[in-house]
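Listed below, chain by chain, are the residues.
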Amino acid sequence: MVIVDQHALHERILYEKLKRRLAEGKVASQQLLVPMPIELNNQQQGVLERAKEVLEQVGIELVDFGPKAIAVQSFPAMLGQADPGAVVQDIIDRLAEVPAGMSGEQLLEPVLASMSCKAAVKAGDELSSEEMSQLLADRKLAEMSSSCPHGRPTMLKMSLAELEKQFKRI
Ligand SMILES: [Zn+2]
């Protein structure tokens, strides 16, 4: 019997997919019908300025939206179900914690971590049987599917013998 942490597994799958797309070039993005505005303070503005190229690589395009705000204009097509505003807000929060001297390349890791975590299904989300099958099929494609990007396990295995022991049959 295998017990799956659906959030951790989905997070790992998205993380690897994003990395694979990046290795091939740029992550394909989709223009939003309505740009999503996000308010910024000065520090956040500075951080976003430095991360602009990295964000474009991963398919997130931001445009100025007044003096103290930006708007999400394009978002990766492969993260279709995610809320672009919430993902970008999380990226901004994470980048604000990154030390000031970090280069664009070093900003990629926290950006990918944020995107895959925010776009993944939540632990309590109810999945349809197709969604579950898809997740398990994708598991075989993801290279390090046994742990999430933070290093937590994505699944636990329990043998029949262990189960029988728990039920005190042996
Ligand atoms: Zn997560």
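Everything below is about the structure printed above this text.
Cut-off values and rules
Residues numbered from 1 in each chain as written. Predicted model: local features only at pLDDT ≥ 70, side-chain atom pairs only at ≥ 80, totals over all residues. Heavy atoms only, no water. Helix = DSSP H or I, 4+ residues; strand = E, 2+ residues; numbered from the N terminus. Contact = heavy atoms within 4.5 Å. Areas by Shrake-Rupley, 256 points an atom, 1.4 Å probe, with all protein chains shown as cover. Lys, Arg positive; Asp, Glu negative; His and termini not counted. Charge placed at Lys NZ, Arg CZ, Asp CG, Glu CD. Donors = N, O, S within 2.8 Å, 3.2 Å for Na, K, Ca; no water. Buried < 20%, exposed > 50% of the residue type's maximum accessible area, 1.4 Å probe, protein only. Patch = residues over 30% accessible without salt bridge, like charges linked within 9 Å, V, L, I, M, F, W, Y side chains within 5 Å. Salt bridge = Lys/Arg side-chain N within 4 Å of Asp/Glu carboxyl O.

**Q** Account for the overall build of the protein chain, with residues named and values stated.
**A** Summing up its helical and strand segments, the protein chain has six helices and five strands in all. If you list the helices and strands of the protein chain from N to C, you get β-α-β-α-β-β-α-α-α-β-α. For the protein chain, the spread of C-alpha atoms along the three principal axes comes to 70 × 35 × 30 Å. Once local pairs closer than 6 in sequence are excluded, the contacts in the protein chain between residues at least 24 apart make up 74%. Working note: accessible area of the protein chain is about 10,200 Å², and carbon and sulfur atoms make up 53% of it. Taking the average place of the 19 positive charges on the side chains of the protein chain and the average place of its 24 negative ones, the gap between the two points comes to 7 Å.

**Q** Tell me about the coordination of the zinc ion, residues and numbers included.
**A** With distances of 2.2 to 2.3 Å, the protein atoms coordinating the zinc ion are His7 (NE2), Glu11 (OE) and Cys117 (SG). Mapped onto the sequence, the residues coordinating the zinc ion show the spacing H-x3-E-x105-C. With histidine 7 in helix α1 (residues 6-24) and cysteine 117 in helix α4 (residues 104-119), this pair connects stretches of sequence that are 110 residues apart. Among the residues examined, histidine 7 registers a relative accessible area of 13% and is labelled buried.

**Q** Talk me through a nonpolar patch on the surface; I want residue IDs and the actual numbers.
**A** A cluster of nonpolar residues, Met1, Ile3 and Leu156, forms a patch on the protein surface that exposes about 310 Å² of accessible area. Positionally, methionine 1 belongs in the segment before β1 (2-4). Residue methionine 1 is classed as exposed on the basis of its relative accessible area of 51%.

Read these as geometric descriptors, not functional statements.
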